[in-house]
Amino acid sequence: MRIKHAYIYGFGKWKDAEIHFSDHHPFIFVSGRNESGKTTLRKFFLFMLFGLQPKQRLYYMPKTGGQMGGRLTITLPEVGDCTIERLHDRNNGEATCYLREGQVYDEEWLKTQLNGMNRQTFSSIFSFDSNELHHIRQIKSEELGNVLLGVGMTGTEQIYESEKWLNQEISQIFKPQGKKPVMNKILVEVETIHEKLKMLEEKEKTFNEKLLTMEELSNRIQELTDNWNQATVHRDKLEKQLHAYPQVQKLYDLLQQAKQYPSELTFPENGLQRYQHVKDQMLPIKSEMTIVEGNRTNTRQEIEKVHAQLLSSDTIDDLKTMVNKLPDYQRLRDEQQYKRQEKQQLHNELLHELKKLEINLSVDDVSDIFFPFHIEDLWNELKDESMQIQSETEKINADLAMIDEQMALLEGKKSLLKEQAIDSERIEEQRNRLKQFAKAESIREADQLQHNQSKKLMSLYKRKSKSATRLFIIGIALSVIVSIIAIFLSIPYVHLFSVITILFVIVQKMVTDRSARSIEALLLHTKQVEGTANAFDEREMREIEETIQKQEKLYQQIEQIEHQWNQLQISRLKLEERKSFFDQKDIQLERRIDEQKKQYPFLKSITVDYWSILYHHLKKCVSLSEKITTYTKDIERTSIEIEAFEKEIDVTLTDGLIFEPDIDIQNKLDNMKNVYERQLNLQNKLQQHEEWLDQIQSQIEMLQNKLKPYQDEMNQLWQLADVTDEESYLIKGKRYKEKVELEQKIQDYSQQLSHIFDQLLLQLLQEKGQIDQWEIEANFKQAKEEVEQIFSELEESRQQLSDVKSLINHMENAEDFSIMKHHYHTKREELYKIAKQWAVYQVAKEKLMHAKKMYQQNFLPKIMDQTTMYFAMLTDQEYRKVYPPVDGNGLQVENRMGIRFQVDELSQGTKDQLYISLRIALSEITSKKNKMPFFMDDAFVHFDKDRRKQMLEVLLEVSENQQVLLFTCDDSLHTLVNNKKVMIENI
C-alpha cells in the first residue's frame with residue numbers, strides 16, 4: 001500500500017491543506033520546524049486509515065472552526081487507487097471509499113483491504129516516535145522479553161498487558177496461603193457456617209416432631225372444615241326449601257290446570273306464526289296480481305286502437321320498397337349534379353390547357369386525337385436522335401478543324417527541320433571516316449594489349465634468361481666436380497652422369513635464346529602499329545560524331561512529324577466518313593419527322609425537341625377529354641334511372657290512392673316518407689303492446705306460480721291441524737298456544753325448584769300431590785344441630801394447631817436454623833461461581849503461555865535474524881548478534897569480541913537503534929501480508945552522524961518494498977543520502 005495524495009479539510013492545526021506524494025519516490029522526507037504539524041500530519045494519516053473514537057476526534061477539531069476530516073488517496077495491490085474520506089459529523093466518523101470506476105464502499109470493505117490491520121497493531125509496528133520507544137524501555141528488564149514476544153506476535157503490547165491482568169485477577173481471587181483474596185475469605189466463612197449447622201443438628205429432631213404434629217392437626221382441621229361445609233350446604237338447602245314452599249304450591253296449581261287439557265292436541269309447531277307468515281307472503285302477491293290483470297285489460301284496448309289506424313300490409317310493403325329506394329334515388333340525383341359540375345370543371349380545365357399550348361386545337365379536335373402506347377417513346381427517340389446527330393456533327397466539325405490546324409503546324413515544323421539538315425552523301429562520307437577511325441582505334445587497343453603482354457613476356461624472358469644462365473653455370477660446375485670425383489674414385493657411370501648434365505644445360509640455354517628472339521620481334525611489330533594509329537586526330541573524330549548524331553536526331557524528328565501527319569490524315573478520313581454517316585442519319589430522321597407531322601398536323605409548328613413536352617400536355621388534354629366523355633355518358637345513364645324511379649313512384653301512389661298525382665315529386669316523396677314513418681311507428685307500437693301483453697301474461701303465470709307453494713303450505717297446515725277451514729284452524733291454534741304456555745310455566749317453576757329440591761321430590765309432587773311442610777322443618781332442625789357440633793370440634797382443633805405453631809415459631813426464632821442453612825448454600829454457590837471464574841482465568845493464562853511458546857519457537861528466530869542484520873548495519877558491524885529474551889531475562893546483544901550486553905548496559909542511541917531494528921524486522925515479517933507504509937517521527941534524536949547515515953541507507957533499502965515517510969525537524973538530514981528515489985516534502 002502507498003499513500004499518493006492527502007487533502008485535509010481540518011485536523012488540528014491543519015486546514016484546507018493538500019499534499020502530493022510521487023509514485024516514483026518511495027522514501028519521503030517530511031521536513032519542518034517544531035510546531036509545524038509533522039506529528040499531527042502523522043496522526044491524520046492514522047485517522048484516515050483506522051479512524052478515532054468520538055472523544056479522541058474532539059481533540060483534533062480545528063481551533064479556527066470548520067469541518068474535521070479529509071480525503072486520503074492510497075494505492076492498494078489488487079484494487080488500484082482508492083480515495084478514503086472521513087468526516088467527524090458523518091457516519092459517526094466511518095470511512096467512505098471511492099474507486100476510479102465509480103464504486104463506493106464502507107468501513108468494513110476498507111478493513112478487509114487492510115487485511116484486518118487495526119490502529120494499535122499499525123502504531124506498534126509501522127508508526128512510532130522517540131516517545132513510543134521510550135515507553136517500551138520503561139518496562140523492567142526481567143519483563144522485557146515478554147513484552148517483545150507480545151509485540152512480535154500481535155504488533156502491540158496487548159499480550160503483555162493481558163498476561164499481567166490475568167495474574168492480577170488470579171491473585172485477587174485465590175492464593176494458597178493468602179487471607180485477603182475473595183475465594184480465601186469465602187472458604188473461611190463456609191467452614192464457620194458449617195460448624196454452626198452441626199451444633200444445630202440435635203435440636204433439629206425435636207423441631208421435626210413438632211412439624212409432624214402440626215401437619216396432623218392441619219389435616220384434621222381440613223377434614224372438619226369439609227364436613228362443616230357439607231353440613232352447612234345441607235342446612236342451607238333445607239332452609240331454602242322452607243322459603244320456596246309457596247312456589248311449590250304454585251307449581252301444584254299449574255299442574256292441576258294442565259290436567260284440564262287433552263293429553264294430545266294435534267297442531268303444527270309454531271302453527272299460528274307460520275300461518276300468519278304465509279298470509280303475509282301471499283298478500284303482496286295477490287295485490288300485484290290485481291294490478292297486472294288491470295294492465296292486461298288496458299294493453300288489449302290499445303292494441304285494438306292501433307289495428308284500426310294501420311294500412312294494409314301490401315300497401316305498407318310498397319311504401320317500404322319505395323322508401324328503401326329513396327337513398328338510391330337521392331344518390332343518383334347527387335351523383336348527376338356532382339358529375340355535371342365535374343364535367344364543367346374538366347371542360348374549363350381543358351380549354352385552359354389548350355389555350356396555354358397555342359397550337360390551334362379545339363375541344364372536338366382533342367377528342368379525335370389518339371396516341372398509340374409507343375408514341376411517347378417514339379417522340380423521345382426522335383428527340384434524342386436529333387440531339388445526338390446535332391451534337392455529333394458539331395463535334396466532328398470541331399475535330400476536323402483541330403486536325404487541319406495540327407497538320408499545318410506539323411508541315412511548318414518539317415520545313416524548318418529540312419532546312420537544318422545536310423545531304424545524305426556528305427553524311428555517308430562522315431560515317432565512313434568515323435568507321436576508319438573506329439577500326440584504327442580497335443587496332444591500337446589490340447596492339448596496346450599486345451604490347452603489354454610483350455612487356456610481360458620480356459620480363460619473363462629476362463627472368464628465365466638469368467635462371468638459365470645460373471642453371472648453365474651450376475650445371476657446368478657440377479659436371480666438373482662430378483668428373484673430378486669420378487676420376488679420383490674411378491667410377492665410370494659417374495662420368496656418364498656428368499656428360500648428361502652438360503648436354504641438358506646446353507639444350508636449356510639454346511631454348512631460352514630462341515624465346516628471347518621471338519619476344520624481340522613481337523615488340524618491334526607493336527611499335528610500328530602505334531605509329532600508324534596516331535595518324536588520326538581525336539578532336540576531329542569527336543566533331544564528326546557530334547555532326548552525325550545531330551543529323552540523325554533531325555531525321556528522326558522529321559520521321560516522327562511525318563508519322564504524326566499520317567496519323568492525323570487517317571483521323572481526318574475517319575471523321576469525314578463519320579460525318580457522312582450522320583448526314584445520312586439526319587436525312588432519315590427528317591423523313592420520320594415528316595411522317596409524324598402528317599399524322600399529327602399540330603406538330604408542324606413545333607420542333608422535335610419539344611414534342612415529348614407537348615406529349616405530356618396533350619396526354620393530359622386527351623385524359624380530360626376522355627373524362628368529359630365518361631361524365632357525359634354517366635349523366636345520361638343517371639337521368640334514365642331517375643326518370644324510371646319517378647314513374648314507379650307515380651304508379652305506386654296512384655294504385656294505392658294515397659296521394660293526388662298532380663303534386664310535384666319532392667312533395668310526393670316527403671309525404672310518402674311521413675306516412676311510412678307513421679305506419680312504422682304504429683307497427684312498432686303494436687309490436688310493443690303485444691310484447692307487453694305477453695310479458696303481462698308471463699307475470700300473471702309467475703305470480704300464480706308464486707302463490708301456489710304458499711297455498712300448498714296453508715293446506716298442509718290445515719291438514720296437520722286436522723281442520724278444513726281457516727276459522728277452525730285459528731280456534732284450535734289458540735287452545736294449543738294456551739297449553740304450550742302453561743307447560744312452559746310448569747317447566748320454569750320446576751327448573752327453579754330443581755336447585756332447591758331433589759328430583760325425586762319434584763316427581764312425587766307431579767304424581768301424588770303436595771309435599772309435607774312439617775317434614776321439611778324437622779329435617780332443617782336436625783341439620784342445624786349437626787353444623788353446630790362440627791363447628792365446635794373445628795374450633796378445638798384450631799386452638800391446638802395454634803399452640804403447636806407458637807412452639808415452632810419460638811424454636812425458629814431462637815436458633816434461626818433455616819436462615820443459617822440458606823446462608824450456607826448461598827455461600828457455597830458463590831464459592832462455586834468464583835472458583836469457575838478462577839479456572840477460566842487459569843485456562844486463559846495457560847493458552848497464552850502456550851501461544852507465546854509457539855511464537856518463540858516459530859517466528860521469533862526469524863525476527864531476531866532480521867533484527868541482527870539491521871542492528872549490525874546500523875552499528876557498522878560493532879554488534880553481530882541479537883539474542884531473544886531467555887529465562888526471564890531481557891533482550892541481549894553480542895559485540896564483535898563475543899561479549900554479551902544487557903539492553904540497560906547500552907547507550908541511549910544504541911538502544912534506539914536496537915528497537916528500530918526490531919521494528920523494521922517486525923514490519924518485514926508483517927509486510928508479507930500487509931505492505932503498509934512506515935511512519936517515523938524524529939526517531940533519530942540520539943543518533944550520531946554516521947549512524948544516521950547508516951539508518952537512512954537501511955530505510956532506503958526498506959523503501960524498495962514499502963513506502964517510508966520520515967518526519968523530521970532536521971532539514972539537512974536528506975543530504976546524508978543521495979538517491980533519485982528520495983522525495984523531500986517541506987511543510
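Basis of the calculations
- Sequence order as written defines residue numbering, which begins from 1 separately in each chain.
- Where totals are concerned, whole chains, interfaces and linings use all residues; where local detail is concerned, this predicted model gives features only for residues with pLDDT of at least 70, and gives and counts side-chain atom pairs only at 80 or more.
- The basis for the side-chain values is all heavy atoms of the structure; hydrogens and waters are excluded.
- When DSSP finds two or more bridges between two strands, those strands count as paired.
- Note on conventions: DSSP H or I runs of at least 4 residues are helices, E runs of at least 2 residues are strands, and numbering of each starts at the N terminus.
- Axis lines are fitted to C-alpha atoms, over the contacting stretch for helices. Their N-to-C directions set the angle, which ranges from 0 to 180 degrees.
- UniProt positions are given in the numbering used here, feature names are shortened, and annotations may be inferred rather than shown by experiment.
- What makes a patch is a set of residues exposed beyond 30% relative accessible area and free of salt bridges, joined within 9 Å when like-charged and within 5 Å when nonpolar (Val, Leu, Ile, Met, Phe, Trp, Tyr).
- Here the accessible surface of atoms and residues is derived via Shrake-Rupley with a 1.4 Å probe, and residues count as covered only by protein chains that are part of the display.
- When a carboxyl oxygen of Asp or Glu is within 4 Å of a side-chain nitrogen of Lys or Arg, the pair counts as a salt bridge.
- Charged residues are defined here as Lys and Arg on the positive side and Asp and Glu on the negative side; His and the ends of the chain fall outside this count.
- Lysine's charge is taken at NZ, arginine's at CZ, aspartate's at CG and glutamate's at CD.
- Only protein chains enter the calculation, and the probe is 1.4 Å; a residue is then buried if its accessible area is under 20% of its type maximum, exposed if over 50%, and partly exposed in between.
- Contacts were defined at the residue level, with two residues in contact if any of their heavy atoms lie within 4.5 Å.

**Concerning the sheet that holds strand β9 (residues 879-883)**
Then comes step 1: On the basis of which strands lie adjacent, the open sheet formed by three strands has the order β9-β10-β11 and antiparallel pairing. Edge positions in the sheet fall to β9 and β11 (900-902), since each has one partner strand and no second. Strand-to-strand, the axes of this sheet are offset by a mean angle of 30°, without reference to chain direction.
Then comes step 2: Relative to strand β10 (residues 892-895), β9 runs antiparallel, the two sharing four bridges. Directly across from Y879, in β10, lies its bridge partner N895.

**Examining the UniProt feature "coiled-coil region" (unreviewed entry) in the protein**
Then comes step 1: Taking the UniProt record as the reference, the feature "coiled-coil region" (unreviewed entry) is found at residues 183-241, 329-360, 534-578, 686-713 and 739-814.
Then comes step 2: Helix makes up 91% of residues 329-360 and strand 0%, with an end-to-end C-alpha separation of 43 Å.
Then comes step 3: Between the end C-alpha atoms of residues 686-713 there is a gap of 41 Å, over a span that is 100% helix and 0% strand.

**Observations regarding a negative patch on the surface**
Then comes step 1: On the surface, a cluster of negative charge is made up of D583, D586, E590, D594 and E595.
Then comes step 2: Residue position: E590 is located in helix α17 (residues 538-599).
Then comes step 3: The partly exposed category is assigned to E590, whose relative accessible area is 39%.

**Some points on the pattern of salt bridges**
Then comes step 1: The final tally for this structure, using the stated rule, is 30 salt bridges.
Then comes step 2: Between E85 and R90 there is a salt bridge; the shortest N-O distance is 3.7 Å.
Then comes step 3: Judged by its relative accessible area of 8%, E85 is buried.
Then comes step 4: One salt bridge in this structure joins R572 and E576, with 2.2 Å as the shortest N-O distance. Pair noted here: R572 and E576 are both in helix α17, with a separation of four residues, about one helical turn.
Then comes step 5: Look at E576 and you get partly exposed, because its relative accessible area is 34%.
Then comes step 6: Each of R331, E335, K339, D634, R637 and E641 takes part in one network of salt bridges that share partners.

**Some words on the environment of D129**
Then comes step 1: As for its position among the elements, D129 is in strand β8 (residues 127-129).
Then comes step 2: Linking D129 and F935, residues 806 residues apart in sequence, is a C-alpha distance of 8.5 Å.
Then comes step 3: With residues up to four places along the chain from it excluded, the contact list for D129 reads R42 and D937.

**Considerations on the sheet that holds β8**
Then comes step 1: Sheet architecture is open: five strands sit in the order β8-β12-β13-β3-β14, paired in parallel fashion. Here the strands that pair on one side only, and so sit at the sheet edges, are β8 and β14 (982-986). On average, adjacent strands in this sheet sit at an angle of 15° to one another, irrespective of strand direction.
Then comes step 2: Sheet topology places β8 next to strand β12 (residues 934-937); three bridges connect them, and they run parallel. By the bridge assignment, S127 is partnered in β12 with F935.

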